[in-house]
Amino acid sequence: MSVELVALAVLMAAVTYPSRAVPLLLPGFDRLPPIVDEYLRLIGPGILASLAAVDVLVLGDPDGHYRFHLGLELLAVLVCVAVVAWRRSLLPGLIAAAALVAISRWLGVA
Amino acid sequence: MPAPVPDGQDAGPLPEAGPDAAGVRRRLMSDGVGISVSVIAFALIYGLAARQAGLSLVEGLAMSAIAFAGAAQFSALGLLGQGVPWLGIIVLTGILNARHLLYSASLAPWFAGTSRRERAVSAYILTDEAYALAMPAFRALGRHDSRTYLIAAGFTFVPWVSATMLGMLFGELMPDPTTLGLDVIFPAAMAGLAVALVVDRRAAVAAVLGVVIGVGVALAVGPSVGIVAGGLAGPALALRVPRSAADAVAEESVSDHAVGLP
């Protein structure tokens, strides 16, 4: 059984770990000025919303170009957001989103 | 933001009898189940793709357990198939995972008072999903809690590694996850968990600007850069939004309103 790529996995971890660890391990990073603390608080909603939006609104072409995409996935994400805001729980939102997509695809409307 | 308590006051686990801790963990488990379904689906696909790309079981599992970097693992498979040198794969991995800097920086104040060893281990299992689950839970609790973080991260790490193995061994037997709508769970979960962090106007503006900037930059440059740009610039611009008294009240009562509490 080949194990050659285990070394590649280690090297991939070696470049990934610093981005995960440096702020957590850097001395003084947990005692910041209030404005920086406020900025870090806002990173959560900013990056999670960005992550979700890029995932459903940006599609890559085989030739390396990116294009704007409006599709069922966006609707499903919005449904999830609405259900989460209403029920204050993630799971019902995820079930609603997945069900919407699965049923739509099964019916051939998406 | 309910400020994390000062050094030395948040190192231990919450009292088991604490109703808030129990409620937050209960809801965390519920939210985590939804996240783990998405993780399992992607890991099954990754395992199958890794096998088809010629990786041995040890190599595929090493990627998931050691690198533990979903998107970068998929990219690595594609690049290996095209004969790209390892250096190119490693550089791309670093770029794809740069967003973790933001997660780590955002979490750092909550880890005040914890040991370096705990921070080092926590960093290793930090992912999109772990951050998205842990941050609302910390906010609901008003403090860091080691067990809560481990549960949040565990909903990613354990399913990712174990489903990778299943995908490599039995992936050809599984139905297409897209027919079940599982491909939409990841973005839906990220958006849904962002809702939990929108507790005032500034946070709402940060989220909206994160979307606009992220998508704009992604279209021009690429998704990885777009996500980081949205996560950096959206909050920076949102700081210009003045805070009202109502915002302060809303933020102080976050533990009563955030997703993560029954």
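Scroll up to find the structure this text is about.
Everything numeric in this text was worked out from a predicted model, so none of it was measured.

(A) Spotlight on the overall build of chain B. A tally of regular secondary structure across chain B gives 13 helices and zero strands. N-terminal to C-terminal, the α/β element order of chain B is α-α-α-α-α-α-α-α-α-α-α-α-α. Across the 262 residues that make up chain B, the buried fraction comes to 56%.

(B) Quick look at the overall build of chain A. In terms of helices and strands, chain A carries four helices and two strands. Seen in sequence order, chain A has helices and strands lined up from the N terminus as α-α-β-β-α-α. Expected size for 110 residues packed as a compact globule is a radius of gyration near 13 Å; at 20 Å, chain A overshoots this value by more than 25%. Along the first, second and third principal axes, the C-alpha set of chain A runs to 55 × 50 × 30 Å. Counting over 110 residues, chain A shows a buried share of 46%. In chain A, the proportion of contacts linking residues at least 24 apart, taken out of those at least 6 apart, comes to 19%.

(C) View of the interface of chain A and chain B. Each side of the interface is counted separately: chain A has 67 residues, and chain B has 88 residues. Elements with a contribution of two residues or more to the side of chain A that touches chain B: helix H1 (4-25), helix H2 (34-57), strand S2 (66-68), helix H3 (72-87) and helix H4 (90-107) of chain A. By residue number, the principal contributor to the side of chain A that touches chain B is H2(A), which donates 21 residues. Of the residues contributing to the side of chain A that touches chain B, the split by class is 50 nonpolar, eight polar and nine charged.

(D) Fine view of the packing of H2(A) against helix H11 (residues 223-238) of chain B. With their axes 8 Å apart at the nearest point, H2(A) and H11(B) run at an angle of 140° to one another. Crossing handedness for the pair H2(A) and H11(B): right-handed. Contacts from Tyr39(A), Leu42(A), Ile43(A), Gly46(A), Ile47(A), Ser50(A), Leu51(A) and Val54(A) in H2(A) reach Pro223(B), Gly226(B), Ile227(B), Gly230(B), Gly231(B), Gly234(B), Pro235(B), Ala236(B) and Ala238(B) in H11(B). Tallied by class, the residues present in the contact of H2(A) with H11(B) amount to eleven nonpolar, six polar and no charged.

(E) Inspection of the environment of His144(B) at higher detail. In this structure, His144(B) sits in the loop between helix H7 (128-141) and helix H8 (146-170). For the pair formed by His144(B) and Pro109(B), sequence separation is 35 residues and the distance between their alpha carbons is 9.0 Å.

(F) Up close: the nonpolar core. With 125 residues, the main nonpolar core has Ala97(A) and Ala194(B) as its most contacted residues. In terms of residue count, helix H1 (residues 19-52) of chain B provides more of this core than any other element does, 15 residues in total. For Ala97(A), the contacting residues outside a window of four places in its chain are Ala76(A), Val77(A), Val79(A), Cys80(A), Val184(B), Ile185(B) and Ala188(B).

(G) Region of the structure containing the packing of H2(A) against helix H5 (residues 100-107) of chain B. Relative to each other, H2(A) and H5(B) sit at 140°, their axes nearing to 8 Å. The pairing of H2(A) with H5(B) is recorded here as oblique in orientation. Every pair of crossing elements has a handedness; the one defined by H2(A) and H5(B) is left-handed. Where H2(A) approaches H5(B), its residues Leu40(A), Ile43(A), Gly44(A) and Ile47(A) are matched on the opposing element by Leu102(B), Ala105(B) and Ser106(B). A breakdown of the residues in the contact of H2(A) with H5(B) according to their chemical character gives five nonpolar, two polar and no charged.

(H) Broad picture of helix H3 (residues 70-81) of chain B. Residue and element names in this part refer to chain B. For H3, spanning twelve residues, the distance from its first C-alpha to its last is 17 Å, which sits close to the expected 16 Å at 1.5 Å a residue. Every buried residue of H3 is listed here: Gly70, Ala72, Gln73, Ala76 and Leu77. For H3, the arc enclosing every buried residue in end-on projection is 160°, short of the 170-degree limit, so these residues lie on one face. Looking one or two residues past H3, Gly83 carries a phi angle of roughly 75°, positive in sign.

(I) Quick peek at unusual backbone geometry. For Arg88(A), which is not glycine, the phi dihedral falls at a positive 55°. The topology assignment puts Arg88(A) in the loop between H3 and H4. Since 18 C-beta atoms lie within 10 Å of it, Arg88(A) is described here as partly exposed. Here Phe68(B), not a glycine, exhibits a phi torsion of approximately 50°, which is positive. By secondary structure assignment, the location of Phe68(B) is in the loop between helix H2 (57-67) and H3.

(J) Main features of H8(B). All names here are of chain B. Between its first and last C-alpha atoms H8 spans 35 Å; for 25 residues at 1.5 Å apiece the expected length is 36 Å, and the two agree. Where H8 bends most, at Gly154, the angle is about 40°. Where H8 is concerned, the buried positions are Thr148, Tyr149, Ala152, Ala153, Phe155, Thr156, Pro159, Trp160, Ala163, Thr164, Gly167 and Met168.

(K) The arrangement of the environment of Leu57(A) in detail. Inspection of the secondary structure puts Leu57(A) in helix H2. Considered as a pair, Leu57(A) and Leu5(A) are 52 residues apart in the sequence and their alpha carbons are 34 Å apart. For Leu57(A), the residues in contact, after removing those within four places along its chain, are Phe68(A), His69(A), Leu74(A) and Val215(B).

(L) Region of the structure containing the environment of Val101(A). Mapping Val101(A) onto the fold places it in helix H4. Remark: the alpha-carbon pair of Val101(A) and Leu75(A), spanning 26 residues in sequence, is separated by 8.9 Å. Contact partners of Val101(A), with chain neighbours within four places excluded, come to Leu72(A), Ala76(A), Gly181(B) and Val184(B).

Quick notes on the rules
Residues numbered from 1 in each chain as written. Chains lettered and ligands numbered in written order. Predicted model: local features only at pLDDT ≥ 70, side-chain atom pairs only at ≥ 80, totals over all residues. Helix = DSSP H or I, 4+ residues; strand = E, 2+ residues; numbered from the N terminus. Buried ≥ 20, exposed ≤ 12 C-beta atoms within 10 Å, placed from the backbone. Rg over C-alpha atoms; globule rule 2.2 N^0.38 Å. Contact = placed C-beta atoms within 7 Å. Nonpolar A, V, L, I, M, F, W, Y, C, P; charged D, E, K, R; others polar. Axes fitted to C-alpha atoms, helices over the stretch in contact; angles between N-to-C directions. Left-handed = near helix turned anticlockwise from the far one by under 90°. Core = buried A, V, L, I, M, F, W, Y, C linked by C-beta atoms within 7 Å. Parallel < 35°, antiparallel > 145°, perpendicular 65-115°, else oblique. Expected span 1.5 Å × (residues − 1). Arc of directions from axis to C-beta. Bend = angle between axes of the 7 residues up to and from the residue.

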